[in-house]
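Structural characterization, general
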Amino acid sequence: MAPEEKVGTELVLQSFERRFLVARTLRSFPWQSLEAKLRDSSDSELLRDILQKTVKHPVCVKHPPSVKYARCFLSELIKKHEAVHMEALDELCEALVETLMAKESTQGHRSYLLPLGGLVTLSESTAIISHGTTGLVIWDAALYLAEWAIKNPAAFTNRTVLELGSGAGLTGLAICKMYRPLAYIFSDCHSQVLEQLRGNVLLNSLSLEADITANLDSPRVTVAQLDWDVATVHQPSAFQPDVVIAADVLHCPEAIVSLVGILRRLAACQEQQRAPEVYVAFTVRNPETCQLFTTDLGRWSTGCTGGSTTPLS
């Protein structure tokens with residue numbers, strides 16, 4: 001294999017690996033590149049390598065994605081192979097049969113490879129809305145905020161971080177594993193989300209603060225129940241964060257009022273009389289909702305010491 005062809009094959013394998021680990025939509029996979037390589041060679045080794053980088057990946061064997069996702073992926077992979085070589089690879093068919101015989105689960109896993117090595121693995125609900133909440137799944141804004149955080153270590157290193165509406169915990173776990181925040185407080189209001197959060201913290205070999213066996217080299221990690229509408233001044237004052245982050249928590253005008261309200265209370269009870277830095281990532285689904293948030297936040301931040309609003313980039 002020529003050097004440039006080998007590099008191209010490695011890129012295809014890496015793309016399949018990363019996308020499968022995080023259970024990206026099937027249309028995002030480099031199917032055209034795969035078909036071109038299959039047409040250029042009758043060798044099935046590339047498909048075997050893809051199988052090892054996806055369904056048979058050690059991480060996926062231990063923490064598999066949903067059965068339905070693996071089944072759909074294998075069906076598509078077989079379809080692409082048959083389109084070029086007529087007969088599907090036995091190993092692919094055997095893997096598909098395994099998914100057809102497997103029991104469906106309400107939970108699946110996503111695993112995110114971190115830039116400096118290691119990974120974050122999350123258990124999440126296979127339903128967008130489960131137990132009356134959307135917090136049991138991972139949303140795009142959480143991924144964006146995690147990527148931004150990884151590029152901005154100074155915002156979190158040796159600082160106390162409070163995350164509002166943590167959901168499955170992707171952003172916070174990435175920060176805790178990549179850097180050394182002094183303390184990290186995951187928070188949400190829904191009991192099922194909090195239960196899943198605690199499980200994901202432990203799944204990623206981090207200890208909750210009450211654990212007497214906790215690794216002293218790790219940040220102090222807390223999972224807290226926080227309802228923005230009913231939280232008294234006492235609860236926010238116990239956190240004393242240097243940084244507050246949130247991802248995809250702006251679903252409606254009512255949520256904006258609640259979010260800005262809890263940010264005001266957090267700022268008001270800071271012992272150093274300085275408002276915490278606030279980073280919020282969200283998907284613009286309704287421009288009016290976005291405008292309402294930036295307007296309300298602008299009114300609040302201009303009254304805070306050091307307050308400002310700046311787009312993440």
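Analysis parameters
- Residues numbered from 1 in each chain as written.
- Predicted model: local features only at pLDDT ≥ 70, side-chain atom pairs only at ≥ 80, totals over all residues.
- Heavy atoms only, no water.
- Core = buried A, V, L, I, M, F, W, Y, C linked by side-chain atoms within 4.5 Å.
- Buried < 20%, exposed > 50% of the residue type's maximum accessible area, 1.4 Å probe, protein only.
- Helix = DSSP H or I, 4+ residues; strand = E, 2+ residues; numbered from the N terminus.
- Contact = heavy atoms within 4.5 Å.
- Axes fitted to C-alpha atoms, helices over the stretch in contact; angles between N-to-C directions.
- Parallel < 35°, antiparallel > 145°, perpendicular 65-115°, else oblique.
- Left-handed = near helix turned anticlockwise from the far one by under 90°.
- Patch = residues over 30% accessible without salt bridge, like charges linked within 9 Å, V, L, I, M, F, W, Y side chains within 5 Å.
- Areas by Shrake-Rupley, 256 points an atom, 1.4 Å probe, with all protein chains shown as cover.
- Salt bridge = Lys/Arg side-chain N within 4 Å of Asp/Glu carboxyl O.
- Arc of directions from axis to C-beta.

As a further point, take the nonpolar core. Ranked by internal contacts, the top residues of the largest apolar core, which has 37 residues, are Phe156, Phe186 and Ile245. Those elements that place two or more of their residues in this core are strand 2 (119-125), helix 7 (140-151), helix 8 (170-178), strand 4 (183-188), helix 9 (191-203), strand 5 (220-225), strand 6 (243-247) and strand 7 (277-281). Broken down by element, this core gets its largest block of residues, seven residues, from helix 7. If you look at the next biggest cluster of nonpolar residues, it comprises 28 residues, including Val55, Ala70, Leu74 and Ile78.

Turning our eyes to something else, we now look at the side chain of serine 44. Looking at the secondary structure, you find serine 44 in the loop between helix 2 (31-40) and helix 3 (45-53). Its relative accessible area of 16% is what places serine 44 among the buried residues. In contact with serine 44, not counting residues within four places along its chain, are His81 and Leu89.

As a further point, take the packing of helix 5 (residues 67-85) against helix 6 (residues 90-101). Axis separation between helix 5 and helix 6 bottoms out at 9 Å; the angle between their running directions is 155 degrees. On the basis of the axis angle, helix 5 is roughly antiparallel to helix 6. The two elements helix 5 and helix 6 cross, and the hand of that crossing is left-handed. Here Val67, Ala70, Arg71, Leu74, Ser75, Leu77 and Ile78 of helix 5 come into contact with helix 6, specifically with Leu92, Cys93, Ala95, Leu96, Thr99 and Leu100.

On to unusual backbone geometry. In this model, alanine 23 sits at a positive phi of 55 degrees, which is unusual for a non-glycine residue. Within the chain, glutamine 240 stands out as a residue other than glycine whose phi angle is a positive 50 degrees. With respect to the helices and strands, the residue glutamine 240 is situated in the loop between helix 10 (234-239) and strand 6.

Together, Val97, Leu100 and Met101 give the surface a local cluster of nonpolar side chains, amounting to about 340 Å² of exposed area. Following the sequence through the fold, valine 97 ends up in helix 6. The class for valine 97 is partly exposed, based on a relative accessible area of 41%.

So, about helix 2. Regarding helix 2, the residues found buried are Trp31, Leu34, Glu35 and Leu38. Buried residues of helix 2, viewed axially, fall in a sector of 100 degrees; they line one side. Counted as exposed and oriented over 90 degrees from the buried face of helix 2: Gln32 and Asp40.

This is a description of form; function is not addressed.
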